[in-house]
Amino acid sequence: MYENNRGQPITTIGHDRNTLDVYTTTANSIGLPTIVFVHGGSWRFGSKDHIPNFLLDHLLPRGFVLVSMNYRFSSDAIFPAQIDDVEAAIVWLKQNAATYNIDPNRIIALGNSAGGHLVSLLGTRNSPTSPARVSGIINFFGANVLIVGTTTPIQQLLGCVD
């Protein structure tokens, strides 16, 4: 059995997409490892509600805390707003670690597609002393090289749309 704390606000920006869901087990464990899921969707669509079933079915029962977060779409804010939102979520989790029995030193970020791109940035742009530093990242088929050309999602992300 697990509990879902839905729609926790993660920043003071006030945008309605800056929320996350925290899935915890009902066990009274402390200092649990945590996986933060960042959804894909070409930086233009997607939702924290699309957390993969394998995370809920296989990792949550094994004592992980799972977090699924939203970030601002490129139609609402251009880059680097999206990675800023991911970093804000990590900082928020660390600040609220005791509430959810999270070990702030054992947080892994996992993302697919655009989310994979964002977790790659998270893992490479935060020094060991950064409050947004995570223990590791898992990138499922996320973009690693962005070449501005005729790809509309990338142009929109970078604010290059005509």
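Everything below is about the structure shown above.
First, a word on scope: everything that follows refers to the structure included in this document. Since this is a predicted model, take the numbers as computed values, not measurements.

1. Concerning the pattern of salt bridges
Right, on to step 1. Per the stated rule, a full pass over the model turns up six salt bridges.
Right, on to step 2. Two residues, Arg 106 and Asp 103, come together in a salt bridge whose shortest N-O distance is 3.1 Å.
Right, on to step 3. On the basis of relative accessible area, Arg 106 is assigned to the partly exposed category, the value being 40%.
Right, on to step 4. Note on Asp 103: relative accessible area 17%, which makes it buried.
Right, on to step 5. Overlapping salt bridges, with partners in common, bring together Asp 21, Lys 48 and Asp 49 in one network.

2. A word on helix α2 (residues 81–95)
Because each turn of an α-helix spans 3.6 residues, side chains separated by three or four positions in sequence point in the same direction.
Right, on to step 1. Along its 15 residues, α2 runs 21 Å from first to last C-alpha, staying within 8% of the 21 Å computed at 1.5 Å per residue.
Right, on to step 2. Those residues of α2 that fall on the buried side of the exposure criterion are Ala 81, Gln 82, Ile 83, Asp 85, Val 86, Glu 87, Ala 88, Ala 89, Ile 90, Trp 92 and Leu 93.

3. With respect to the packing of α2 against helix α4 (residues 114–125)
Right, on to step 1. For the pair α2 and α4, the least separation of the axes is 10 Å and the interaxial angle reads 65 degrees. Relative to α4, the element α2 is oriented roughly perpendicular. When the axes of α2 and α4 are compared, the crossing they make is right-handed. Facing α2, whose interface residues are Gln 82, Ile 83, Asp 84, Val 86, Glu 87 and Ile 90, α4 presents Leu 118, Leu 121, Leu 122 and Arg 125.
Right, on to step 2. Classifying every residue of the contact of α2 with α4 by side-chain character gives six nonpolar, one polar and three charged.

4. Section: a nonpolar patch on the surface
Right, on to step 1. On the surface, a nonpolar cluster with roughly 400 Å² of combined accessible area is contributed by Phe 54, Ile 138, Phe 140 and Phe 141.
Right, on to step 2. Turning to its location among the elements, Phe 140 is positioned in strand β6 (residues 136–140).

5. Some remarks on the side chain of Asp 21
Right, on to step 1. By the element assignment, Asp 21 lies in strand β2 (residues 19–25).
Right, on to step 2. At 3.0 Å, the side chain of Asp 21 forms a polar contact with the side chain of Lys 48.
Right, on to step 3. If we ignore the near neighbours within four places in the chain, the residues touching Asp 21 are Asn 4, Asn 5, Arg 6, Gly 7, Lys 48, Asp 49, Leu 66, Val 67 and Ser 68.

Each value, and the rule that gives it
- Residues numbered from 1 in each chain as written.
- Predicted model: local features only at pLDDT ≥ 70, side-chain atom pairs only at ≥ 80, totals over all residues.
- Heavy atoms only, no water.
- Salt bridge = Lys/Arg side-chain N within 4 Å of Asp/Glu carboxyl O.
- Buried < 20%, exposed > 50% of the residue type's maximum accessible area, 1.4 Å probe, protein only.
- Helix = DSSP H or I, 4+ residues; strand = E, 2+ residues; numbered from the N terminus.
- Expected span 1.5 Å × (residues − 1).
- Axes fitted to C-alpha atoms, helices over the stretch in contact; angles between N-to-C directions.
- Parallel < 35°, antiparallel > 145°, perpendicular 65-115°, else oblique.
- Left-handed = near helix turned anticlockwise from the far one by under 90°.
- Contact = heavy atoms within 4.5 Å.
- Nonpolar A, V, L, I, M, F, W, Y, C, P; charged D, E, K, R; others polar.
- Patch = residues over 30% accessible without salt bridge, like charges linked within 9 Å, V, L, I, M, F, W, Y side chains within 5 Å.
- Areas by Shrake-Rupley, 256 points an atom, 1.4 Å probe, with all protein chains shown as cover.
- Polar contact = N/O pair within 3.5 Å; in protein donor to acceptor, adjacent residues only side chain to side chain.

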